[in-house]
Amino acid sequence: GNMLELIDVSHVYVNDQGASLAVEQLNMAVRPGEFVALVGPSGCGKTTILSLLAGLLFPTRGSVLLAGVPVTGPSPQVGYMLQQDYLFPWRTIRDNAAIGLEIAGRRTKAALEAVDRLLEELGLSGAGGRYPHELSGGMRQRVALARTLATEPEVMLLDEPFSALDLHIKLQLEDLVQETLRRRGKTAVLVTHDLAEAAAMSDRVIVLGKQPGRILRELDIPEELRSA
Ligand code: ADP
Ligand code: ADP
């Protein structure tokens, strides 16, 4: 079966300005362990699609399935990585990385040790006792990744996680994030404006057009073109 599925999904935002159609009759499926990139112009519905997959928004029409089950809200099976890291400035790196576990009521000694191993795996072993403002942007994004992975979601949704970084750091992080997620067999959906990043990080690129949520093209990426 599919890990993620959107069936005939439409989404309309309604506010005091009126209604705006963000996604129209979209069909899309992602297999377990597959990495899919969504690219397309600003306003084409990429963030809306991720929010639907995350259970943060509900479709106006159609259905959204996670492992075959309709999405009814945010799920611990789904992790999110965003352009901003949203670290708490008053918490150490280690306590930031553990916050998801804390919220889930799983802040045990074993879980904290797992967080330390994750920080080490992501090249942050010396940073656990430091604070976010002491770290570079690339390091903070690695903390954000550790925080998400600590709760062991099956699915990772990545919304332009590298777009605020310098090119050189961005390329490094593309490799690191991809390797880390693939090693764990995660399923991933990446939203990006950057076609090179989409190709380097995914098995399949879905190109959306200006028309809301309409797929223009799908490209399979040969394994040898991927960066990790
Ligand atoms: P991006 O292209 O990076 O997704 P946008 O500028 O489209 O960024 O959107 C930034 C934020 O503004 C998002 O949280 C989105 O939900 C919100 N937003 C975008 N368009 C509108 C709108 N017409 N009315 C209200 N909020 C909007
Ligand atoms: P993208 O991520 O591709 O830039 P979005 O999903 O943010 O696209 O937006 C898709 C469309 O929905 C755009 O026309 C945007 O203006 C509109 N939109 C997004 N968020 C909101 C919102 N909160 N309220 C109203 N319109 C929105």
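An unreviewed UniProt entry annotates the chain as ABC transporter ATP-binding protein originating from Paenibacillus cisolokensis.

Moving on: the sheet that holds strand S3 (residues 35-39). Strand order in the open sheet formed by 6 strands is S6-S7-S8-S3-S9-S10, and the pairing between neighbours is mixed. Sheet topology places strand S6 (78-82) and strand S10 (215-220) at the edges, where each strand pairs with a single neighbour. Each neighbouring strand pair of the sheet contributes to a mean axis angle of 15 degrees, computed without reference to strand direction. Sheet topology places S3 next to strand S8 (residues 187-192); 5 bridges connect them, and they run parallel. Paired with Val39 across the bridge in S8 is Thr192.

Our focus in this paragraph is the sheet that holds strand S4 (residues 61-66). Read from one edge to the other, the open sheet built from 4 strands follows the order S2-S1-S4-S5, with strand pairing classed as antiparallel. Among the strands making up the open sheet, the edge pair consists of strand S2 (18-30) and strand S5 (69-70). Here strand S1 (residues 4-15) runs beside S2; their pairing, made up of 9 bridges, is antiparallel. Its bridge partner lying in S2, Val14 is registered against Ala19.

A separate point is the packing of aromatic side chains. Tallied over the entire structure, the rule returns 1 aromatic pair. For the pair Phe88 and Trp90, a centre-to-centre distance of 5.1 Å together with 40 degrees between the ring planes defines the contact as tilted. Sitting over the face of the ring of Phe35, Arg182 holds its NZ or CZ atom 4.0 Å from the ring centroid.

Glancing now at the side chain of Arg147. With respect to the helices, strands and loops of the structure, Arg147 is situated in helix H5 (residues 137-150). Although Arg147 lies buried, it forms no salt bridge, and the closest oppositely charged side chain, Asp85, sits 6.1 Å away as judged by the N-O distance. Residues within four places of Arg147 in sequence aside, it is in contact with Asp85, Tyr86, Leu87, Asn96, Ala97 and Ile99.

Moving on, we get to the site of ligand 2. Ligand 2 sits among Tyr13, Asn15, Ser20, Ala22, Pro41, Ser42, Gly43, Cys44, Gly45, Lys46, Thr47 and Thr48. Contact between ligand 2 and Gly43: an oxygen atom at 2.7 Å from a main-chain N or O atom of the residue. Contact distances for ligand 2 include 2.9 Å between an oxygen atom and a backbone N or O atom of Lys46. Here ligand 2, which alone exposes 560 Å², has 62% of that area covered by the protein. If you list the elements that add at least two residues to the shell around ligand 2, you get S1, S2 and helix H1 (46-53). A breakdown of the residues in the shell around ligand 2 according to their chemical character gives 4 nonpolar, 7 polar and 1 charged.

Turning to H1, a few remarks are in order. Of all 8 residues in H1, 7 are buried; the element is thus mostly enclosed. Every buried residue belonging to H1 is among Lys46, Thr48, Ile49, Leu50, Ser51, Leu52 and Leu53, and all of these are buried. Two residues or fewer after H1 comes Gly55, characterised by a positive phi angle close to 75 degrees.

Analysis parameters
- Residues numbered from 1 in each chain as written.
- Chains lettered and ligands numbered in written order.
- Predicted model: local features only at pLDDT ≥ 70, side-chain atom pairs only at ≥ 80, totals over all residues.
- Heavy atoms only, no water.
- Pairing = 2+ DSSP bridges.
- Helix = DSSP H or I, 4+ residues; strand = E, 2+ residues; numbered from the N terminus.
- Axes fitted to C-alpha atoms, helices over the stretch in contact; angles between N-to-C directions.
- Phe/Tyr/Trp six-rings, centres within 6.5 Å; stacked < 30°, edge-to-face > 60°.
- Lys NZ or Arg CZ within 6 Å of the ring centre and 35° of its normal.
- Buried < 20%, exposed > 50% of the residue type's maximum accessible area, 1.4 Å probe, protein only.
- Lys, Arg positive; Asp, Glu negative; His and termini not counted.
- Salt bridge = Lys/Arg side-chain N within 4 Å of Asp/Glu carboxyl O.
- Contact = heavy atoms within 4.5 Å.
- Near = heavy atom within 4 Å.
- Polar contact = N/O pair within 3.5 Å; in protein donor to acceptor, adjacent residues only side chain to side chain.
- Areas by Shrake-Rupley, 256 points an atom, 1.4 Å probe, with all protein chains shown as cover.
- Nonpolar A, V, L, I, M, F, W, Y, C, P; charged D, E, K, R; others polar.

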